[in-house]
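# Results of the structural survey
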Amino acid sequence: MERINRWRAHGGWQEVWRHDSTATGTPMEFSVFVPDGDGPKPVVWYLSGLTCNWSNVTEKGEFREACARHGFIFVAPDTSPRGEGVPDDPDTAYDFGLGAGFYVDATEEPFAQHYQMRSYIERELPALIAANFPADMARQAIMGHSMGGHGALTIGLRNPGAYRSVSAFAPIVAPTECPWGQKALGGYLGTDPAAWAEYDACRLIEAGARVPALKVDQGAADGFLEGQLMPQRLQDTCAAAGQPLELALHEGYDHSYYFISSFMAAHLDWHAKHLKP
């Protein structure tokens, strides 16, 4: 690994690292905030949304004060492989290809070689964090926004025992039922919807998957609320399955980082209740 930047902030260090990924076959970058003090420290993962990379939440998420207060390591990976030879959407659309990996392991060409974001987030990057930072991997939480909210929910549900708590801002909760998800899952995984179910939070819950604690915040003025995000679908699914869910709808807030930064500290305070030793 190579550290490519470092800044002093909130009594800790905000860093950006680059490494060669075996999962994606490309260089990958991630940001990590490490507060001062003796370790090992709990780890909070943040998965970003469409068009983003590590920089969006790092520069606009306003997470460092709460992470320093709670002693959290905060890791923000990229959202897709990048670099020469990595295929993009043929029409260069924002919702597929570069910046839109959807946290899946692609099986369809030409994407299967590099778009292995599920393996990268679930296995490769946690091993690097454990080996290179003062991380307590027995105390992990995962959160995300939009496409990254989809990633946080599905990764949490597929890996019982790995994360003590899961939260999301405006997540895509049922990608098999919305245009963003149908395009991405079809393009990465093929046209058989049966192959999509393990990447759909509602389908996973209906099949018996559970997480210990789940929190979702959604802006009521979000332009994607009805057609893409459908929080009511998650609420109904969790109620029918007995999966605890804290869902809050906030009037006036949209899909932007103005919304995310407004409630970031509250999410981290909530995770802190579940990450105690």
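Preceding this paragraph is the structure being described.
Residues numbered from 1 in each chain as written. Predicted model: local features only at pLDDT ≥ 70, side-chain atom pairs only at ≥ 80, totals over all residues. Heavy atoms only, no water.

## Quick look at the sheet that holds strand β9 (residues 246-250)
We count it as follows: By this definition, two strands are paired if DSSP reports at least two bridges between them. Only DSSP runs of H or I covering at least 4 residues are called helices, and only runs of E covering at least 2 are called strands; the numbering of each starts at the N terminus. Lines fitted to the C-alpha atoms define the axes, with helices restricted to the stretch that makes contact. Angles between their N-to-C directions range from 0 to 180 degrees. Any two residues whose heavy atoms approach within 4.5 Å at even a single point are treated as in contact.
Strands sit in the order β1-β2-β3-β5-β4-β6-β7-β8-β9 across an open sheet of nine strands; the sheet is mixed. Each of the sheet's edge strands pairs with one partner strand only, and the pair in question is β1 (2-9) and β9. Ignoring strand direction, the axes of neighbouring strands in this sheet form an average angle of 20 degrees. Note that strand β6 (residues 135-145) and strand β7 (residues 165-169) share five bridges and pair parallel. When the bridges of β7 are listed, M143 appears paired with S167. Those strands touched by helix α4 (residues 147-158) are β4 (41-47), β6, β7 and β8 (214-219), and its axis lies near 140 degrees from that of β6.

## Let's talk about the nonpolar core
To keep things clear, this is the line we draw: Residues belong to a common nonpolar core when they are buried Ala, Val, Leu, Ile, Met, Phe, Trp, Tyr or Cys residues joined through side-chain atoms within 4.5 Å. Residue exposure (1.4 Å probe, protein chains only): buried if accessible area is under 20% of the type maximum, exposed if over 50%, otherwise partly exposed.
F74, Y188, M264 and L268 are the most contacted members of the largest nonpolar core, which has 82 residues in total. Per element, the largest residue contribution to this core is seven residues, and it comes from helix α9 (residues 257-274). Residues in contact with F74, not counting those within four places in the same chain, are S31, V32, F33, V44, Y46, V57, F63, C67, M143, M264 and L268.

## Looking at the pattern of salt bridges
For side chains of opposite charge, pairing can occur when their charged atoms come near one another. Our working definition: Here a salt bridge means any side-chain nitrogen of Lys or Arg lying within 4 Å of a carboxyl oxygen belonging to Asp or Glu.
Per the counting criterion, the structure on display carries 18 salt bridges. The closest approach of N and O atoms between E15 and R3, which form a salt bridge, is 3.6 Å. Residue E15 is located in strand β2 (residues 12-20), and its partner R3 is located in strand β1; the two are separated by 12 residues in the primary sequence. Judged by relative accessible area, which is 41%, R3 ranks as partly exposed. We note a salt bridge from R69 to E65, for which the minimum N-O separation is 3.0 Å. Residue R69 and its partner E65 are located together in helix α2 (residues 64-70), separated by four residues, close to a single helical turn. Taking the relative accessible area as the measure of exposure, R69 reaches 45% and is therefore partly exposed.

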